[in-house]
Amino acid sequence: MTSGEAEVTAVEEKPTRLISGPGMLLVWFYGVMVVGAVSRSAYQISTEFDRAPLAYSLSAVAGLVYGFITYTLIRGGEFARRAALVCCAAELAGVLIVGTWTLVDRSAFPDATVWSYYGAGYILIPVLLPISAMYWLRKAQNTVKP
């Protein structure tokens, strides 16, 4: 095989998909969370930002994190898998920090965020989703080709 043929082969290879099996369910859940977090924060920031700026800003950040994870899961490939794994770990840390913070100092958040009380307003999906995603992404490590 000549170097030109190797280049064409490398370009034609698509990244291995991360959304087979349980990965598709993760994409669906993350997609729902993107819509929920972004629409909630957009409304709250545009109508009553002065009431609880930290809470509304954290909800916006959560929406961006959910969007990035959704994108990386759909994109596929080893680099995307690693990026999603790092974001899921950061997401879990955020949920645990904000969830604990809302329990310890209720006055810090005059209004709830997506991650308040570990995501209780979202049926605890915000705390369960990154754990599930990290498990899936670690398991997919053996099947994704660099």
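It should be emphasised that the depicted structure is a prediction, and the values quoted were computed from it without experimental measurement.

Of all hydrophobic cores here, the largest spans 33 residues; its most connected members are Tyr30, Tyr66, Leu73, Val114 and Leu137. Counting only elements with at least two residues in this core, the list comes to helix H2 (22-48), helix H3 (53-75), helix H4 (78-104) and helix H5 (125-140). Residue contributions to this core peak at eight residues, all from H3. Not counting the four nearest positions on each side in its chain, Tyr66 is found in contact with Tyr30, Met33, Val34, Ala37, Glu91, Val114, Trp115 and Pro126.

The next subject is the side chain of Ser59. Along the chain, the position of Ser59 falls in helix H3. The class of Ser59 is buried, set by a relative accessible area of 0%. Excluding residues within four positions of it along the chain, Ser59 makes contact with Ala37, Arg40, Ser41, Ala112, Thr113 and Val114.

Applying the stated criterion to the full structure yields three aromatic pairs. With a centroid separation of 5.0 Å and 80° between ring planes, the pair formed by Trp101 and Phe109 is classed as edge-to-face. Trp101 sits in the partly exposed class, given a relative accessible area of 36%.

Right, let's talk about the pattern of salt bridges for a bit. For the structure on display, the rule yields four salt bridges. Ionic pairing is found between Arg51 and Asp111, a salt bridge with its closest N-O pair at 3.4 Å. Here Arg51 is found in the loop between H2 and H3, whereas its partner Asp111 is found in the loop between H4 and H5, with 60 residues between them in sequence. Judged by its relative accessible area of 46%, Arg51 is partly exposed. For Arg81, the salt bridge is made with Glu78, and the minimal N-O distance between the two is 2.8 Å. Of the two residues, Arg81 and Glu78 are both situated in helix H4; the distance of three residues between them amounts to about one turn of the helix. Summarising the burial analysis for this pair, Arg81 and Glu78 share the class buried. A single network of salt bridges, built from pairs that share partners, joins Glu48, Arg51 and Asp111.

Two elements in contact, H4 and H5, have axes whose closest approach is 9 Å; the angle formed by their N-to-C orientations is 155°. Compared by their axis directions, H4 and H5 come out roughly antiparallel. You can see that H4 and H5 cross each other, and the crossing is left-handed. For the pair formed by H4 and H5, the contact residues are Arg81, Ala84, Leu85, Cys88, Ala89, Glu91, Leu92, Val95 and Leu96 on the first element and Pro126, Val127, Pro130, Ile131, Ala133, Met134, Leu137, Arg138 and Ala140 on the second. Residues of the contact of H4 with H5, tallied by class, amount to 15 nonpolar, no polar and three charged.

What counts, and at which threshold
- Residues numbered from 1 in each chain as written.
- Predicted model: local features only at pLDDT ≥ 70, side-chain atom pairs only at ≥ 80, totals over all residues.
- Heavy atoms only, no water.
- Core = buried A, V, L, I, M, F, W, Y, C linked by side-chain atoms within 4.5 Å.
- Buried < 20%, exposed > 50% of the residue type's maximum accessible area, 1.4 Å probe, protein only.
- Helix = DSSP H or I, 4+ residues; strand = E, 2+ residues; numbered from the N terminus.
- Contact = heavy atoms within 4.5 Å.
- Phe/Tyr/Trp six-rings, centres within 6.5 Å; stacked < 30°, edge-to-face > 60°.
- Salt bridge = Lys/Arg side-chain N within 4 Å of Asp/Glu carboxyl O.
- Axes fitted to C-alpha atoms, helices over the stretch in contact; angles between N-to-C directions.
- Parallel < 35°, antiparallel > 145°, perpendicular 65-115°, else oblique.
- Left-handed = near helix turned anticlockwise from the far one by under 90°.
- Nonpolar A, V, L, I, M, F, W, Y, C, P; charged D, E, K, R; others polar.

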